[in-house]
Amino acid sequence: MTVNLEVAEGVGTLRLDRPPMNALDIATQDRLKELAEEATRRDDVRAVVVYGGEKAFAAGADIKEMQEMDHTAMVLRARALQDSFTAVARIPKPVVAAVTGYALGGGCELALCADFRVAGDNAKLGQPEILLGLIPGAGGTQRLARLIGPSKAKDLIFTGRMVKADEALSLGLVDRVVPAADVYTEAHAWAARLAQGPAIALRAAKESIDTGLETDLDTGLAVERSWFAGLFATADREIGMRSFVEEGPGKAKFL
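Worth saying up front: this structure is predicted, and the values here are computed from it rather than measured.

### What about the environment of Pro-198?
With respect to the helices, strands and loops of the structure, Pro-198 is situated in the loop between α8 (183-195) and α9 (199-213). For Pro-198, a relative accessible area of 18% translates into the label buried. In this structure, the C-alpha to C-alpha distance between Pro-198 and Gly-240, residues 42 residues apart in sequence, is 8.5 Å. Those residues in contact with Pro-198 that sit more than four places away from it in its chain are Asp-236 and Phe-254.

See the structure below:
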């Protein structure tokens, strides 16, 4: 399989496995969607790491496969392409991308679907589609602009240039840079910590933030208000408040 789901300590690792560079062909896209939906359903998965291995996160689409597609073929495929990435973005649990080596084109777009990005000091990220006479088609024009702002996104997308880890950090494209050998360990530790948290509250926080970014302030506030009130019906809220009153902050052990 070109993508695998491995679960340990409440963390599901979506591991890309299509050597040598994890090119995201159609089969890999479809498998990614399938496993992202499985991670969403599984109760033993409370957080997710997306990882491409030690050498490369994902170097982009399979250009040879794409070259054979005409306009009609891509019209029929484009929605499925976006849906495979959106399935990762909509996992209602914390998601962290562990980025080593190249994360280009679709690889960068996949990293953008995570809530947090840990990059190795050998990482190179970018949206080089313009160099093929194309634009990003798996969410890059939308998620990148939302993450780092339209001007910075246009710089990367218009030029197709790659950025190294330190510049990616300064742009806000990644959140932490560590030695390449430590990327997965750091990402898994972050996810494992959140896997111990209140699952419904984390889901509420993620949905409130993501929905708010996509709509007007009043609608975002309504989503937040609904989730905030609804959490008062959960066991995790009872556990958290009881622990705070009896033991002090930060000591609750959630279900």
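Having seen the model, we can carry on.
### A few points about the pairing of strand β2 (residues 11-16)
Taken across its six residues, β2 has five buried, putting it largely inside the fold. Bridge analysis of strand β1 (residues 3-8) against β2 gives six bridges, and the strand direction is antiparallel. Bridging across to β2, Asn-4 finds its partner in Arg-15. Hairpin geometry of β1 and β2 is characterised by an intervening segment of two residues between the two adjacent antiparallel strands and by a positive phi of about 60° at Glu-9. As judged from the five bridges shared by β2 and strand β3 (residues 47-51), these two strands associate in the parallel manner. In the sheet register, Gly-12 faces β3, and the bridge partner there is Val-48. A crossover connection joins β2 to the parallel β3 through helix α1 (residues 26-41); in handedness this β-α-β unit is right-handed.

### Side note on the packing of α1 against helix α3 (residues 71-89)
It is the contact of α1 with α3, at a shortest axis distance of 8 Å, that shows an interaxial angle of 40°. Compared by their axis directions, α1 and α3 come out oblique. Along this stretch, α1 crosses α3, giving a crossing that reads as left-handed. Between α1 and α3, the residues in contact are Ile-26, Gln-29, Asp-30, Leu-32, Lys-33, Ala-36 and Glu-37 and Arg-77, Leu-81, Asp-83, Ser-84, Ala-87 and Val-88, respectively. Of the residues in the contact of α1 with α3, the class split is six nonpolar, two polar and five charged.

Basis of the calculations
Sequence positions are assigned chain by chain, starting from 1 and proceeding in written order. Only residues with pLDDT of 70 or above have their local features reported here, since the model is predicted, and side-chain atom pairs are shown and tallied only from 80 upward, although totals for entire chains, interfaces and linings are computed over all residues. Processing note: side-chain calculations cover all non-hydrogen atoms of the structure and skip hydrogens and water entirely. Helix numbers and strand numbers start at the N terminus; a helix is a DSSP run of H or I with at least 4 residues, a strand a run of E with at least 2. Accessible area is worked out with a 1.4 Å probe on protein chains only. A residue is then buried under 20% of its type maximum, exposed over 50%, and partly exposed in between. Contacts were defined at the residue level, with two residues in contact if any of their heavy atoms lie within 4.5 Å. The rule for pairing is simple: two strands pair if DSSP sees at least two bridges between them. Handedness of a crossover: with both strands directed away from the viewer, a clockwise path from the first strand across the helix to the second marks it as right-handed. The angle between two axes is taken between their N-to-C directions and runs from 0 to 180 degrees, where each axis is a line fitted to C-alpha atoms and a helix contributes only its stretch in contact. Throughout this description, any angle smaller than 35 degrees is read as roughly parallel, any larger than 145 degrees as roughly antiparallel, any in the 65 to 115 degree range as roughly perpendicular, and the remainder as oblique. A crossing counts as left-handed when the near helix is turned anticlockwise from the far one by less than a right angle, and as right-handed when that turn is clockwise. Under this grouping Gly is polar, as are all residues other than the nonpolar Ala, Val, Leu, Ile, Met, Phe, Trp, Tyr, Cys and Pro and the charged Asp, Glu, Lys and Arg.

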